[in-house]
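Breakdown of the fold
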Amino acid sequence: MSAPPAAAAPPAASAQDPQPPPAAKRPALRAWATRAPLMPALVFLIVVTQLPFAATLVTSLFDWNSLHPDDRHFTGFDNYSTVLADAEVRESVVTTAVLTAVVVLVSIVIGLLLALLLDRSFKGRGIVRTMLIAPFLIVPVAAALLWKHVLYNPEYGLFNGLLNWLAGLVGIDDPVQPEWVTDMPLLAVQMSLIWQWTPFMMLILLAGLQSRPLDLIEAARLDGAGNWQIFRYLTLPHLRRYLELGALLGSIYIVQNFDAVFTITKGGLGTANLPYTIYETFYNAHEYGEASATGVLVVIGSIVIATFALRVVSSLFSEEVSRS
Amino acid sequence: MTATLTAPAKARTGPVPAPVRRARRRNAALGLLAWISGILFFLPVAWMALTSLHSEPDAATNPPSLGAPLTLDGYREFFGAGGGNSPWPPLINSMTASVVSTLLVLLLAFPAAYALSIRPVRKWRDVLFFFLSTKMLPVVAGLLPIYLFAKNTGMLDNIWLLVILYTSMNLPIAVWMMQSFLAEVPISVIEAAQIDGARLPTILARVIAPITGPGMAATALICFIFSWNEMLFAQVLTGVVAQTAPVFLTGFITSQGLFLAKVCAASLAISLPVLAAGFAAQDKLVQGLSLGAVK
């Protein structure tokens, strides 16, 4: 509420100034005129995302359980030592890292293979692409429910049903009927997420493939380059920025995944990732101070990773024409 | 290396039919492989659709029943269920939050992207990085203060709070996408229009809008999808009145036990707006996701 979005779009005065190059006349005013259109978005974003974080920072220094509101007091870094000593929190750090890395890497690899398949022309390509996009378009909670109840359910889920049916075909009466979610909880969450995110990666990489300079490939082929050589030395370097983009966006969203963990396992069986742990700490355990401290630690971790990732991704700009 | 390869390659491009036939067979095989993977990925969705059309006993069989009679009972149950459990208020809430926040995002992101691409401010790369970096601040890190703020100001269970939060959630990505779309507009065209005496509104409407239209549509589509799908904020900040469709979906299941057909019908019904929009605008989705890097 604090940032009135109605203040948007006052750029009218700015961009009409006759000619760009000579900044001789009233440069300060011109600079502000160029900057003005940026301000509403910037202010809005700072107010809605950075202010709450600052408040989290302050809260993290207090011993504050909402069930005992009178007992609220300043404790310095106590919450941080509590949280860092907490085995559950440390476990959820590992879970988050493993979950994110596995889902992003596997969905990029499968996505790349699918994109390569779809880049060729064959009958019904449009239909296949539409079918492949579907998982990305199912509401994540609905997808998680689908996997948990309709596919993984040990008694009447599709997976065990198919096992039963296939076993029946070869004459086995009592095939193995795994309890998917209890036996392999983290894998169960990962599989559903890979299913949802592979189409996303495929779409990005397909766009990359379709923007390849074909004349270059034609020339390489005339020079006698084989398919593998063309892929290794032309396609892959061209795809690099698309791969990076997919990895970056995928990581941003999967590190923060809540829906799948919340729905499929309720964070149990060692699948609680950091977002779920923080949600639990403040929503069910009412430990506001500790939840905030965990949140701050997550942000520090994210900043370290983000700094690294942004440096890598800055190659996204290297091919663009600079206009500054 | 290339020299040694040239000879056999040339021989292969000769008018011999056998290798051509082999290549064709290979193409057919790869096409088939693509079809198989497409069907595999689509299978869960198709199965969900089929289950949603079964009666409850037929839905819960092992091995799966393919030939069971079809019925719309699952959907009837979902949409018609009495007892204050109607899905319409949550669906309307989701629609309001997604559409209004998408419009707000466009309104805020366009001027910003304009300032970062057409007449870029100094250090525009840094500003662009800042926008994306806010996306890396995990939402949980600000959730508690937002919750307390909402509780103290009476904004809890209020759909407009979600509108604001969804706007901030999608704004960074929208600025990024729009920046890359706007960067494709040739400056010379804009300057030519200026020399002809066109002012900013005319330039926006006649030059920039036609070139960037599809990109803007892609941006809007992606913002809509992410807002419609959002779950954590909605779970924590809404209750009865402002409940959104995803939250309704989870509550709907735990309170009534396991009814597979109804769960499937509900899941598909709630995914329908996104499915329809996504299928209808596949090309734009591709363009948007690749941040306009494809022409």
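Conventions and cut-offs
Residues numbered from 1 in each chain as written. Chains lettered and ligands numbered in written order. Predicted model: local features only at pLDDT ≥ 70, side-chain atom pairs only at ≥ 80, totals over all residues. Heavy atoms only, no water. Helix = DSSP H or I, 4+ residues; strand = E, 2+ residues; numbered from the N terminus. Buried < 20%, exposed > 50% of the residue type's maximum accessible area, 1.4 Å probe, protein only. Contact = heavy atoms within 4.5 Å. Areas by Shrake-Rupley, 256 points an atom, 1.4 Å probe, with all protein chains shown as cover. Domains from an automatic or database assignment. Buried area = accessible area lost by both parts, 1.4 Å probe. Salt bridge = Lys/Arg side-chain N within 4 Å of Asp/Glu carboxyl O. Polar contact = N/O pair within 3.5 Å; in protein donor to acceptor, adjacent residues only side chain to side chain. Nonpolar A, V, L, I, M, F, W, Y, C, P; charged D, E, K, R; others polar. Axes fitted to C-alpha atoms, helices over the stretch in contact; angles between N-to-C directions. Parallel < 35°, antiparallel > 145°, perpendicular 65-115°, else oblique. Left-handed = near helix turned anticlockwise from the far one by under 90°. Phe/Tyr/Trp six-rings, centres within 6.5 Å; stacked < 30°, edge-to-face > 60°. Lys NZ or Arg CZ within 6 Å of the ring centre and 35° of its normal. 1 Å grid on protein atoms, 1.4 Å probe; cavity = no way out; pocket = protein on both sides within 12 Å on 5 of 7 lines; lining within 4 Å. Points joined across faces, edges and corners; volume = space filled by probe spheres on them. UniProt positions renumbered as here; feature names shortened; annotations may be inferred. Patch = residues over 30% accessible without salt bridge, like charges linked within 9 Å, V, L, I, M, F, W, Y side chains within 5 Å.

1. Focus: the overall build of chain A
Looking only at helices and strands, chain A features 15 helices and two strands. Within chain A, the fraction of its 324 residues that count as buried is 50%. Across chain A, the fraction of contacts at a sequence separation of at least 24, relative to all contacts at a separation of at least 6, is 67%. Working note: accessible area of chain A is about 15200 Å², and carbon and sulfur atoms make up 66% of it.

2. As for the overall build of chain B
When helices and strands are tallied, chain B shows 14 helices and zero strands. For chain B, the succession of helices and strands along the chain, N to C, is α-α-α-α-α-α-α-α-α-α-α-α-α-α. With 295 residues in all, chain B has 53% of them scored as buried. A sequence separation of at least 24 residues applies to 76% of the contacts in chain B between residues at least 6 apart. Per element, the accessible surface of chain B, about 12600 Å² overall, is 68% carbon and sulfur.

3. Here we look at unusual backbone geometry
The backbone of H286(A) shows a phi angle near 60°, a positive value even though the residue is not glycine. Mapped onto the elements of the fold, H286(A) is located in the loop between α13 (274–283) and α14 (288–313). With relative accessibility at 23%, the residue H286(A) sits in the partly exposed group. Positive phi outside glycine occurs at D157(B), with the angle close to 60°. Along the chain, the position of D157(B) falls in the loop between α7 (140–153) and α8 (159–182).

4. Points about the domain arrangement of chain B
All names here are of chain B. Looking at chain B, the domain boundaries give domain 1 (17–78) and domain 2 (88–293). If you look at the interface, domain 1 gives 12 residues, while domain 2 gives 13 residues. Interface area for domain 1 against domain 2, summed over the two sides, is near 1100 Å², with a carbon-plus-sulfur share of 82%. Counting the surface domain 1 buries against domain 2, the share from its top three residues, M48, E56 and F78, is 53%. Put simply, domain 1 and domain 2 have zero salt bridges between them. Our count for the domain 1 to domain 2 interface comes out at zero residue pairs in polar contact (both at pLDDT 80 or more). For the side of domain 1 that touches domain 2, the secondary-structure elements that each account for two or more residues are α2 (17–52), α3 (56–59) and α4 (73–80). Tallied by class, the residues present in the side of domain 1 that touches domain 2 amount to six nonpolar, four polar and two charged.

5. Considering the packing of α4(B) against helix α13 (residues 260–280) of chain B
All names here are of chain B. Between α4 and α13, the shortest axis-to-axis distance is 8 Å and the interhelical angle comes to 70°. Classed by the angle they form, the pair α4 and α13 counts as roughly perpendicular. Crossing of α4 against α13: the hand is right-handed. Residues G74, Y75, E77, F78 and F79 of α4 form the contact with α13, whose participating residues are A261, K262, A265, A266, L268, A269 and I270.

6. Some points on the packing of aromatic side chains
The tally for this structure, following the rule as stated, stands at 31 aromatic pairs over all chains. Through successive ring pairs, a cluster of aromatic residues spans W64(A), F258(A), F262(A), Y276(A), Y279(A), F282(A), Y283(A), Y288(A) and Y147(B). The ring of Y233(A) carries the charged tip of R232(A) above its face, separated from the ring centre by 5.2 Å. Stacked on the ring of F262(A), the Lys or Arg K266(A) has its end atom at 3.9 Å from the ring centre.

7. Some details on the interface of chain A and chain B
Counting residues at the interface gives 110 residues for chain A and 117 residues for chain B. In total, chain A and chain B occlude about 10400 Å² of area from one another, counting both sides; carbon and sulfur atoms represent 76% of this. With its nearest N and O atoms 2.8 Å apart, the salt bridge here joins R129(A) to D283(B). The interface formed by chain A and chain B holds 10 residue pairs in polar contact (both at pLDDT 80 or more) in total. When residues in the side of chain A that touches chain B are grouped by element, the largest group, 14 residues, is from helix α2 (residues 39–59) of chain A.

8. Section: empty space enclosed by the protein
Going through the model one piece at a time under the given rule, you end up with eight cavities of 30 Å³ or more. By volume, the largest cavity is sized at about 750 Å³. Lining the largest cavity are 39 residues, and of these Y253(A), Q256(A), K135(B), M169(B) and E230(B) lie nearest its centre. Partitioned by chemical class, the residues of the lining of the largest cavity number 27 nonpolar, nine polar and three charged. Estimates place the volume of the second largest cavity at around 60 Å³. Lining the second largest cavity, in full, are F200(A), L249(A), Y253(A), I173(B), M177(B), I222(B), F226(B), G288(B), L289(B) and L291(B). Among the secondary structure elements, those contributing two or more residues to the lining of the second largest cavity are α11 (227–255) of chain A together with α8, α10 (200–229) and α14 (282–289) of chain B. Along the lines of polarity and charge, the residues of the lining of the second largest cavity split into nine nonpolar, one polar and no charged.

9. As for the pattern of salt bridges
Residue and element names in this part refer to chain A. In this structure the tally under the stated criterion is three salt bridges over all chains. Between R240 and E244 there is a salt bridge, with the nearest N and O atoms lying 2.6 Å from each other. Pair noted here: R240 and E244 are both in helix α11, with a separation of four residues, about one helical turn. E244 sits in the buried class, given a relative accessible area of 12%.

10. Quick word on the UniProt feature "transmembrane region" (unreviewed entry) in chain A
The positions that UniProt labels "transmembrane region" (unreviewed entry) are, in the present scheme, residues 38–62, 93–118, 130–147, 187–209, 242–264 and 291–313 of chain A. The distance separating the terminal C-alpha atoms of residues 93–118 of chain A is 37 Å; by composition the span is 100% helix and 0% strand.

11. Some words on a nonpolar patch on the surface
All names here are of chain A. Among the surface-exposed residues, W165, L166, L169, V170 and I172 lie close enough to one another that they form a single nonpolar patch of about 540 Å² accessible area. Tracing the chain through its elements places W165 in helix α7 (residues 158–169). A residue is classified by how much of its surface remains accessible, and W165, at 46% relative accessible area, is partly exposed.

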